[in-house]
Amino acid sequence: MAEQLVASLESMGQLLLAMDTGVGLLIGVGLSMSASHLFSLLANRLTPTQILLHMAVDGLVLSLAFLLGILCHSLMLMLLEGVPLQPITFANRMGAALWPGLFYVLAAAPYVSDLIAVSLLVWIHLNVLVLLQAVYGIPLLTGLVVATPGFVVALLLVGLLFAQRWRTSYDMLAREVADLTQP
């Protein structure tokens, strides 16, 4: 049993090494998206350790959301286009599509944050469509069918995390206000 676990971990490590570019960029995008919440974390008067912990966990969860989207893209490519399932190769090629997500930290800017966030996410999706056409020769309309389910999965997971983070922030602020108003 322990030998199987060690073998599985070694296999996972080899997969992660093979995905070095894609995973590195995924983690960078996740941390950039997490950093966009820095101002709300500071406004809730969290300690620097708490802020770093929140940002690290959020960054990893956001990276996982995009990784699940990539897996969904790979599955759709296999099902609809007959492209052999190669999530490692596809994840490495996704590096070119995900790089606009590194600028997601700019979504923390007041007044235009939604516009920046939506623009960057649409840019990533458009890059995926172009990548599918360039690498696999898939027309843009077919690429839209292939890429949309993974994009929706990633967006739902990102939305759920952001909604949970905002709810937690509001709850913390409400507790502090209630504490201040009580004699």
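Residues numbered from 1 in each chain as written. Predicted model: local features only at pLDDT ≥ 70, side-chain atom pairs only at ≥ 80, totals over all residues. Heavy atoms only, no water.

1. Comments concerning the overall build of the protein chain
Along its length, the protein chain carries eight helices and zero strands. Going from the N terminus to the C terminus, the protein chain shows its helices and strands as α-α-α-α-α-α-α-α. Across the 183 residues of the protein chain, 37% fall into the buried class. Roughly 10600 Å² of accessible area belongs to the protein chain as shown, and the carbon and sulfur atoms make up 73% of that amount. (Helix = DSSP H or I, 4+ residues; strand = E, 2+ residues; numbered from the N terminus. Buried < 20%, exposed > 50% of the residue type's maximum accessible area, 1.4 Å probe, protein only. Areas by Shrake-Rupley, 256 points an atom, 1.4 Å probe, with all protein chains shown as cover.)

2. Topic: the packing of aromatic side chains
As enumerated under the stated definition, the model contains two aromatic pairs in all. Seen from their ring centres, Trp99 and Phe103 are 6.0 Å apart, and the 85° between their planes marks the pair as edge-to-face. Its relative accessible area of 39% is what places Phe103 among the partly exposed residues. Taking 5.0 Å as the distance between ring centres and 75° as the angle between the ring planes, the aromatic pair formed by Trp99 and Trp123 counts as edge-to-face. Here Trp123 lies in helix H7 (residues 113-136) and Trp99 lies in the loop between helix H6 (95-98) and H7, a separation of 24 residues in the sequence. For Trp99, a relative accessible area of 35% puts it in the partly exposed group. Overall, the relative accessible area of 36% leaves Trp123 in the partly exposed class. Grouping aromatic residues by their ring pairs yields a cluster made of Trp99, Phe103 and Trp123. (Phe/Tyr/Trp six-rings, centres within 6.5 Å; stacked < 30°, edge-to-face > 60°.)

3. Comments concerning the nonpolar core
Generally speaking, nonpolar side chains in soluble globular proteins are found buried as a group. Ranked by size, the top nonpolar core spans 35 residues in total, and within it Met33, Phe66, Met94, Leu98, Tyr104 and Leu132 carry the most contacts. Elements represented by at least two residues in this core include exactly helix H2 (20-35), helix H4 (48-81), helix H5 (87-93), H6, H7 and helix H8 (140-181). The element contributing the most residues to this core is H7, with eight residues. If we skip the residues at most four places from it in the chain, Leu132 touches Leu77, Phe90, Gly137, Ile138, Gly143, Val146 and Ala147. Formed by five residues, the second largest nonpolar core is a distinct cluster that contains Ala35, Leu41, Leu46 and Ile51. (Core = buried A, V, L, I, M, F, W, Y, C linked by side-chain atoms within 4.5 Å. Contact = heavy atoms within 4.5 Å.)

4. Some points on the confidence of the model for the protein chain
Regions with low pLDDT carry predicted coordinates that are not meant to be interpreted in detail. With 83% of its residues at a pLDDT of 70 or more, the protein chain shows a mean pLDDT of 78. Between the elements of the protein chain, mean pLDDT differs from a low of 65, seen in helix H1 (residues 2-18), to a high of 85, seen in H4. (pLDDT = per-residue confidence, 0-100.)

5. Topic: H4
With 34 residues, H4 should reach 50 Å at 1.5 Å per residue; the first-to-last C-alpha distance of 48 Å fits that figure. Backbone geometry just after H4 places Gly82 at a positive phi near 75°. (Expected span 1.5 Å × (residues − 1).)

6. Focus on H7
Given a rise of 1.5 Å per residue, 24 residues ought to cover 34 Å, and the 34 Å separating the end C-alpha atoms of H7 matches this to within 8%. One or two residues past the end of H7 sits Gly137, with phi positive at roughly 70°.

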